[in-house]
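The chain contents come next:
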Number of protein chains: 2
Amino acid sequence: MTYHNNILLDVFSGDEISRPPVWIMRQAGRILPGYKRIRSAVSGFKELVKSPDLIAEATVEPLEVLGVDAAILFSDILVIPEAMGVDYDIIEKTGPVFDNPIRSVGQIDHLRKGEEVLPKLDYVFQSIEVTREVIAHRNPLIGFAGAPWTLFAYMIEGSGSKTFSRARKFLYEEPDAAHRLMDAITESLIAYLKEKINRGCDVIQLFDSWAEMLTEAQYKQFCIPYISRIFEELPEVPKIFFPKGAWSSISHFKGMAFDALSIDWKTPVTYVREQLGANQIIQGNIDPALLYARPMEIESAVHEHIRLTGRNLIVNLGHGVYPNTNREHVKVLVDAVKEYRY
Amino acid sequence: MTYHNNILLDVFSGDEISRPPVWIMRQAGRILPGYKRIRSAVSGFKELVKSPDLIAEATVEPLEVLGVDAAILFSDILVIPEAMGVDYDIIEKTGPVFDNPIRSVGQIDHLRKGEEVLPKLDYVFQSIEVTREVIAHRNPLIGFAGAPWTLFAYMIEGSGSKTFSRARKFLYEEPDAAHRLMDAITESLIAYLKEKINRGCDVIQLFDSWAEMLTEAQYKQFCIPYISRIFEELPEVPKIFFPKGAWSSISHFKGMAFDALSIDWKTPVTYVREQLGANQIIQGNIDPALLYARPMEIESAVHEHIRLTGRNLIVNLGHGVYPNTNREHVKVLVDAVKEYRY
């Protein structure tokens, strides 16, 4: 499939492009007027996540309002724990809270896993089809999921946490059970992402948001094998890996089957280039707080970022856009990329 | 001054020692029975921080109960903002909340700074004298402070935060005022730490807990010059610098006048050795969650850590000990260090 604006797929196929592609993590969200309207029309975040027509609307809005090069299907990483049998709710200003987090090793063997989760996720697949139809041939659509460790951390911890010390305790106290849970999550993710691709996602991004909690040794032991398996078992679409804060593990990523490495704003692009070479496609890594600066400063910082990083770059923030960001400033960033020429 | 247990000072003077020294960040705190008793006898955390006799008791307890090699004066990094005129309270389970955070550039020029803060901090200096008397000639006493950026972050943000986006916004929007505030904090810290040393602290540790929020370029521009000045202007006592998460700035630390670099558990010691050489004294960096493991595993991980790091090491955690840690496991860590021989 080739889209009218195909630049995101072109960067992966190695085609000559005149500027880097750009999209913004959390581009579909509270910075946009349509999203706020949609959000206030539903009972809560979870109702929104399960409403295919609203999902399509939220997903498409940034293409129109911000002019980004790709859409990313509005969803939540926690749909997987829920489909496996560990249900959650999103509490305003608190974040996710789970009704039945994993509190004993025995619970792990009773979770749904692999293709068993698919019937529970039909609303996601429907959302893709509706969204695909609305976008038509204009832009590619990214689908995402949380990486095994990040989902594991929520399932054990039972909520967000500054330290995720309960989840990290589990790695030390119950390493075998931890591997069994990582394995079950991995199988579920593979089934889920395969189906997302089948239904119309052109690119897959895996978020390991809590990678930064682990030591290098733990990341190697408990995370990389599972992430490798996911990328290997998925069909041939471009794959983006965002292991937030896992800078010390970057050298272990050589040979993994992802195509782009997304990095946070605290990881210099020069460091990644040193570790993985000039051909590694980097996504990121603009400081989300830069969008608080004056438009001229945003523009010049974005141009400087592209000059410094060179080709093999997808411009994005180093984290999701902060909710109180001025939408016009996001547009300044996007426009600055679109007017750049290599 | 030489203490009965002088091993922490010996590592700084380069004396031949048979094992590394060990102490634990937040060793005086909720893991200890005496601390819990003291804490429940006062109205709140702030009353405790201002009670020299109780401070002495809390500071000395870990020497006796855990057998660590040094005491660290129980205190809070936020005594400096308060002395400068930005008052706070500690709310149970929420953390610090400020009454009058900095909301306009004009406020900055009305803050107390430099030696003006000293009369407001007399309770700290008294605590040092009482503590010094109780410890007598047994062990050295560490005094600490928050680094300028970390204090700046609280003073602007007005509370803890997952993103400190308001403080980071200030750096982009008001860079000149940001430098003025960093300068005022720096002058206050220099006066404060000089007096802490005068009154009996043998070692100084500077915590930059929110270093990890900034880009490499920001850390270089807004933080390193101020931290350098603090270390340069203090008298000749051993100085420890803990810039949590500032791994990408490590190469910029060459030539700064600190003696030991404290690192978090996500920063491999091999990385620091590569950047700063084998002679750099490293403090850390054991995963605080390791203390949830079985005693035998803790012991072997500690021994492996010392073998891997070699000499020029102060064993500590990579972060403060988690409050729900089993005290006996902390003792296993301390004992494992004390039985080790190079």
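Keep in mind it's a predicted model, so treat the numbers as computed, not measured.

Caption draft 1: Highlighting the pattern of salt bridges. Inspection of every chain in the model, using the stated rule, returns 38 salt bridges over all chains. Its salt-bridge partner being Arg19(B), residue Asp69(B) comes within 2.8 Å of it at the nearest N-O pair. Of this pair, Asp69(B) sits in the loop between helix H4 (52-65) and strand E1 (71-72) while Arg19(B) is found in the loop between helix H1 (7-13) and helix H2 (33-40), placing the two residues 50 residues apart along the sequence. Across this residue pair, the class does not change: Asp69(B) and Arg19(B) are buried. A salt bridge links Asp335(B) to Lys331(B); its shortest N-O distance comes to 3.6 Å. With a gap of 4 residues between them, Asp335(B) and Lys331(B) both fall in helix H14 (residues 327-339), about one helical turn apart. For Asp335(B), a relative accessible area of 33% corresponds to the partly exposed category. For Lys331(B), a relative accessible area of 28% translates into the label partly exposed. Three or more residues are tied together by salt bridges with common partners; here these are Lys46(A), Lys50(A), Glu82(A) and Asp87(A).

Caption draft 2: Representation of the interface of chain B and chain A within the structure. Between chain B and chain A, the residue contacts involve 28 residues of the former and 28 residues of the latter. For the pair chain B and chain A, the summed buried surface comes to about 2,600 Å²; carbon and sulfur atoms form 57% of the total. Of all residues in chain B, Tyr172(B), Trp247(B) and Tyr292(B) bury the most surface against chain A, accounting for 27% of the area lost on that side. At the surface where chain B touches chain A, the tally comes to 2 salt bridges.

Caption draft 3: Looking closely at the packing of helix H7 (residues 122-135) of chain B against helix H10 (residues 175-199) of chain B. All names here are of chain B. Running from amino to carboxyl end, H7 crosses H10 at an angle of 25°, the nearest separation of the two axes being 9 Å. By the angle class used here, H7 and H10 are roughly parallel. For the element pair H7 and H10, the recorded crossing hand is right-handed. Here Asp122, Val124, Phe125, Gln126, Ile128 and Glu129 of H7 come into contact with H10, specifically with Tyr192, Glu195, Lys196 and Arg199. Residue classes in the contact of H7 with H10 are distributed as 4 nonpolar, 1 polar and 5 charged.

Caption draft 4: Structural view of the sheet that holds E1(B). Pairing is parallel in the open sheet, where 7 strands are placed in the order E1-E4-E5-E6-E7-E8-E9 (chain B). Here the strands that pair on one side only, and so sit at the sheet edges, are E1 and strand E9 (313-317) of chain B.

Caption draft 5: Main features of H7(B). Residues and elements named next belong to chain B. The first and last C-alpha atoms of H7 sit 20 Å apart over 14 residues, in line with the 20 Å expected at 1.5 Å per residue. Taken together, the buried positions of H7 are Tyr123, Val124, Phe125, Ser127, Ile128, Thr131, Arg132 and Ile135. The elements touched by buried residues of H7 are helix H3 (45-49), H4, E1, helix H5 (79-84), strand E4 (141-146) and H10. Trailing H7 by a residue or two, alanine 136 shows a phi angle of about 55°, which is positive.

Caption draft 6: Layout of the pairing of E4(B). All names here are of chain B. Burial runs high along E4: 6 of the 6 residues are buried. Neither face of E4 is exposed, since Leu141, Gly143 and Ala145 on one face and Ile142, Phe144 and Gly146 on the opposite face are all buried. Sheet topology places E1 next to E4; 2 bridges connect them, and they run parallel. Paired with alanine 71 across the bridge in E4 is leucine 141. Both E4 and strand E5 (residues 203-208) contribute to a ladder of 5 bridges, which runs parallel. Its bridge partner being in E5, glycine 143 is matched across the sheet by isoleucine 204.

Reading the values: rules and limits
- Residues numbered from 1 in each chain as written.
- Chains lettered and ligands numbered in written order.
- Predicted model: local features only at pLDDT ≥ 70, side-chain atom pairs only at ≥ 80, totals over all residues.
- Heavy atoms only, no water.
- Salt bridge = Lys/Arg side-chain N within 4 Å of Asp/Glu carboxyl O.
- Helix = DSSP H or I, 4+ residues; strand = E, 2+ residues; numbered from the N terminus.
- Buried < 20%, exposed > 50% of the residue type's maximum accessible area, 1.4 Å probe, protein only.
- Contact = heavy atoms within 4.5 Å.
- Buried area = accessible area lost by both parts, 1.4 Å probe.
- Axes fitted to C-alpha atoms, helices over the stretch in contact; angles between N-to-C directions.
- Parallel < 35°, antiparallel > 145°, perpendicular 65-115°, else oblique.
- Left-handed = near helix turned anticlockwise from the far one by under 90°.
- Nonpolar A, V, L, I, M, F, W, Y, C, P; charged D, E, K, R; others polar.
- Pairing = 2+ DSSP bridges.
- Expected span 1.5 Å × (residues − 1).

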